[in-house]
Amino acid sequence: MILLTGATGTVGSALLRRLIAGGVPVRCLVRDPKRLGEQRVRVQIALGDLGNPASFRNALRGVDTVVHLAASIRDQHLASIEELNGVATLRLVRASERLGVKRFVFFSAMEATQHSRTRFFRAKALAREAVEESSLESTIFSPSIVYSPGDPWLTLLERFSYLPAIPVSGSGNAVYQPIWAEDVADCTMAVLDGRGTGGRYELAGPETLSYDGIMRLVLHALGRRRPLLHLPLPVVKASLRSLQRLVGASVFATWEEAELMEEPMTTQRGTADAESLGVMPLGMSAVLGAP
């Protein structure tokens, strides 16, 4: 039995389709089973969330492998970014050790360290250390920015494309090696199927793009031309903080999310780790159909 967290996310939904198609018994830790769509009748469901460690015991019953994808890049009502990403992972690891789980697959973030500028990256680094130091057989994926057509991030960029100019937080110079969620799911399946060893894999696509470059590629794929309007970070921070105070959790973006666009996510290994798992990642331009 596999316990999957983050099953409704960009990578999680792609991975869940593969697990179900392969006849793998899956239990999903979710707050709202309806978000699983038609897949909810094909899996076991454990109600709970990362902010409620009491839900882990029932979720882990009879589980031999945990795939921990769930993460939050913004504070929630009852828990912070640090609690949802760092502390929750530590608690899930400890519960897994107590309840006899053998294998733990964890998703960190490329170039995340305890000295990163953003809270999310620092929390991910602490979580990664908790997994590495555990007694479990662990595999850690550290992907660059992950995307899929129709995901929340690309949907937001598409909505921005209707504006006369596209607002960009900061310089737009941070660089990434974007990797398609379907390729990430294939890499995960390779490890679960025993085609990869434990340890750590840096997952990257074949293109190295600045944030500005990603924006231009998305605009090209949409067949639109718009200038990029770079906004100073202090202005972005003050504006998003004020907007969040006004509209609360429904805000379209938080400062913590915008600040992530200043965190570079590249590896000198390029696509080598994905290729070692039998996956040849597609470029973002090919996935989006940019001519």
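Refer to the structure presented above.
Residues numbered from 1 in each chain as written. Predicted model: local features only at pLDDT ≥ 70, side-chain atom pairs only at ≥ 80, totals over all residues. Heavy atoms only, no water.

### Quick look at the layout of surface pockets
Part 1: Taken as a whole, the second largest pocket holds about 150 Å³ of empty space.
Part 2: Taken together, the elements giving at least two residues each to the lining of the second largest pocket come down to helix 5 (152-160) and helix 7 (211-222).
Part 3: Grouping the constituent residues of the lining of the second largest pocket by class yields six nonpolar, two polar and one charged. (1 Å grid on protein atoms, 1.4 Å probe; cavity = no way out; pocket = protein on both sides within 12 Å on 5 of 7 lines; lining within 4 Å. Points joined across faces, edges and corners; volume = space filled by probe spheres on them. Helix = DSSP H or I, 4+ residues; strand = E, 2+ residues; numbered from the N terminus. Nonpolar A, V, L, I, M, F, W, Y, C, P; charged D, E, K, R; others polar.)

### Considering the nonpolar core
Part 1: One finds Leu15 and Phe141 to be the most contacted residues of the largest nonpolar core, which totals 32 residues.
Part 2: Elements that contribute at least two residues to this core include exactly strand 1 (2-5), helix 1 (10-21), strand 2 (26-30), strand 5 (103-107), helix 6 (181-192) and strand 11 (199-203).
Part 3: At eight residues, the largest contribution of residues to this core is made by helix 6.
Part 4: Contact partners of Phe141, with chain neighbours within four places excluded, come to Val105, Phe106, Phe107, Ser108, Cys187, Thr188, Val191, Tyr201, Leu203 and Leu277. (Core = buried A, V, L, I, M, F, W, Y, C linked by side-chain atoms within 4.5 Å. Buried < 20%, exposed > 50% of the residue type's maximum accessible area, 1.4 Å probe, protein only. Contact = heavy atoms within 4.5 Å.)

### Notes on the environment of Val101
Part 1: For Val101, the location among the structural elements is in the loop between helix 3 (81-98) and strand 5.
Part 2: The buried category is assigned to Val101, whose relative accessible area is 6%.
Part 3: Along the sequence, Val101 and Arg61 sit 40 residues apart, while their C-alpha atoms lie 9.0 Å from each other.
Part 4: Those residues in contact with Val101, other than ones at most four positions away along the chain, are Leu60, Val63, Asp64, Thr65, Val66, Ser96 and Leu136.

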